[in-house]
Amino acid sequence: MDGVLVSEEHLVPGADEFLAELRANETPFLVLTNNSIRTPRDLQARLRQTGLDIPEEAIWTSALATATFLNEQRPNGTAYVVGESGLTTALHEIGYVLTDSDPDYVVLGETRTYSFEAITTAIRLVERGARFIATNPDATGPSREGVLPATGSVAALITRATGREPYYVGKPNPLMMRSALRRIGAHSQSTVMIGDRMDTDVISGLEAGMRTILVTTGISTHASVEQYPYRPTRVIDSVADLVGRTHKPFD
């Protein structure tokens, strides 16, 4: 989503035409984000403000991927959550009970108000045997004032205190891509991943068996591609370059 369709709350030029062409061709698609703060409905409203009308069911977050994973691993379980509505809502919808009393899992997600008390509780519960899950490994997130500590940084704090590493569900774990594929009934061989980061989007697409397209409207650049031992299938300036050729993006 960020860096591909929108950039700092503004529409990436041509993103609306790109999505319109996918709809016209009846091409199924999902918009992915590693951020677990907002629900799909919240994100739908945010995208609408930029000029993009994307239905809730076409938005896939690390919170939803985490809930799907936990539902498959331990249905109707319990969790202590450090996170916001995007994560708590996703867990409620799969029938999870949120509690700080002997939970099956400690689930760490993104929040703008990390509480020392909540982190301390999470540490103690992990020490007592709760399984440690985190929505994504991103160490920092953007804000208008500069970078903010994100899930990966807080997870590192809990790991340092407990000696236990979390299982990260979101990108670059290909699990998130595979759950997205299942969501739209797609196969990796006939699906393309379009992202703006080599270290999360491209590698998770590759490991999920998809062809990948890197756009340079976000984090990674043409030059930074050369720093990695893997490459995307194609590098383009923007999704606008795909307008008129979404049915054959590699020709």
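Residues numbered from 1 in each chain as written. Predicted model: local features only at pLDDT ≥ 70, side-chain atom pairs only at ≥ 80, totals over all residues. Heavy atoms only, no water.

The protein chain is annotated in an unreviewed UniProt entry as HAD-IIA family hydrolase from Nocardia xishanensis.

In this section: the sheet that holds strand β12 (residues 192-195). Pairing within the open sheet is parallel, and its three strands lie in the order β12-β13-β14. Since the sheet does not close on itself, it has two edges, and those belong to β12 and β14 (234-236), each with one partner. Strand-to-strand, the axes of this sheet are offset by a mean angle of 20°, without reference to chain direction. (Pairing = 2+ DSSP bridges. Helix = DSSP H or I, 4+ residues; strand = E, 2+ residues; numbered from the N terminus. Axes fitted to C-alpha atoms, helices over the stretch in contact; angles between N-to-C directions.)

Turning our attention to the sheet that holds strand β5 (residues 78-82). Taking strand neighbours across the sheet as the criterion, the five strands line up as β6-β5-β7-β8-β11 in an open arrangement whose pairing is parallel. Because the sheet does not close on itself, it has two edges, and the strands there are β6 (97-98) and β11 (167-168). By the bridge criterion, four bridges tie strand β7 (residues 105-108) to strand β8 (residues 131-134) in an arrangement that is parallel. Across the sheet, the residue bridging to Leu-108 is Ala-134, located in β8. Across the sheet, helix α4 (residues 85-93) is in contact with β5, β6 and β7; its angle to β5 comes to roughly 170°. (Contact = heavy atoms within 4.5 Å.)

Its place among the elements puts Gly-129 in the loop between α5 (116-127) and β8. Since its relative accessible area comes to 40%, Gly-129 is described here as partly exposed. Gly-129 sits 39 residues away from Tyr-168 along the chain, and the two C-alpha atoms are 18 Å apart. (Buried < 20%, exposed > 50% of the residue type's maximum accessible area, 1.4 Å probe, protein only.)

This brings us to the pairing of β8. What joins β7 to β8 is α5, and the crossover it makes is right-handed. Sheet topology places β8 next to β11; two bridges connect them, and they run parallel. Counterpart to Ala-134 in the pairing with β11 is Tyr-168. (Right-handed = clockwise from strand over helix to strand, strands pointing away.)

Bringing the pairing of strand β13 (residues 211-215) into the picture now. With respect to burial, β13 is a largely interior element, four of its five residues being buried. Bridging between β12 and β13 involves four bridges; their strand directions are parallel. Its bridge partner lying in β13, Gly-195 is registered against Leu-214. Between β12 and its parallel partner β13, the chain crosses via helix α8 (residues 198-207), and the hand of that crossover is right-handed. Of the pairings in the sheet, the one linking β13 to β14 comprises three bridges and is parallel in character. Across the sheet, residue Leu-214 finds its bridge partner in β14, namely Val-235.

Taken N-terminus to C-terminus, the directions of helix α7 (residues 174-183) and α8 make an angle of 65°; their axes are 8 Å apart at the nearest point. Relative to α8, α7 is oriented roughly perpendicular. As α7 packs across α8, the resulting crossing turns out to be right-handed. Contacts between α7 and α8 pair Pro-174, Met-177 and Arg-178 from the former with Asp-201, Ser-204, Gly-205 and Glu-207 from the latter. Partitioned by chemical class, the residues of the contact of α7 with α8 number two nonpolar, two polar and three charged. (Parallel < 35°, antiparallel > 145°, perpendicular 65-115°, else oblique. Left-handed = near helix turned anticlockwise from the far one by under 90°. Nonpolar A, V, L, I, M, F, W, Y, C, P; charged D, E, K, R; others polar.)

Here Lys-171 and Pro-172 are connected by a cis peptide whose omega angle stands at 15°. Position of Pro-172 among the secondary structure elements: in the loop between β11 and α7. Here Asn-76, not a glycine, exhibits a phi torsion of approximately 55°, which is positive. As for its placement among the helices and strands, Asn-76 is situated in the loop between α3 (62-73) and β5. Judged by relative accessible area, which is 59%, Asn-76 ranks as exposed.

Taken as a whole and assessed by the stated rule, the structure comprises three aromatic pairs. Centre to centre, the rings of Tyr-96 and Tyr-105 are 6.4 Å apart; their planes meet at 35°, and the pair counts as tilted. The pair Tyr-96 / Tyr-105 is uniform in exposure class, with both members buried. Sitting over the ring of Tyr-105, Arg-131 keeps its end group 5.9 Å from the ring centre. (Phe/Tyr/Trp six-rings, centres within 6.5 Å; stacked < 30°, edge-to-face > 60°. Lys NZ or Arg CZ within 6 Å of the ring centre and 35° of its normal.)

Attention now goes to the pattern of salt bridges. Pairing of side chains with opposite charge becomes possible as their charged atoms draw close. In this structure the tally under the stated criterion is seven salt bridges. Residue Glu-9 is joined to Arg-46 by a salt bridge in which the shortest nitrogen-to-oxygen separation is 3.2 Å. Here Glu-9 is found in the loop between β1 (6-7) and β2 (10-11), whereas its partner Arg-46 is found in helix α2 (residues 40-50), with 37 residues between them in sequence. For Arg-46, a relative accessible area of 11% translates into the label buried. A salt bridge links Lys-171 to Asp-201; its shortest N-O distance comes to 2.7 Å. With Lys-171 in the loop between β11 and α7 and Asp-201 in helix α8, this pair connects stretches of sequence that are 30 residues apart. In this pair, the class of Lys-171 matches that of Asp-201, namely buried. When salt bridges that share partners are traced, they join Asp-2, Glu-9 and Arg-46 into one network. (Salt bridge = Lys/Arg side-chain N within 4 Å of Asp/Glu carboxyl O.)

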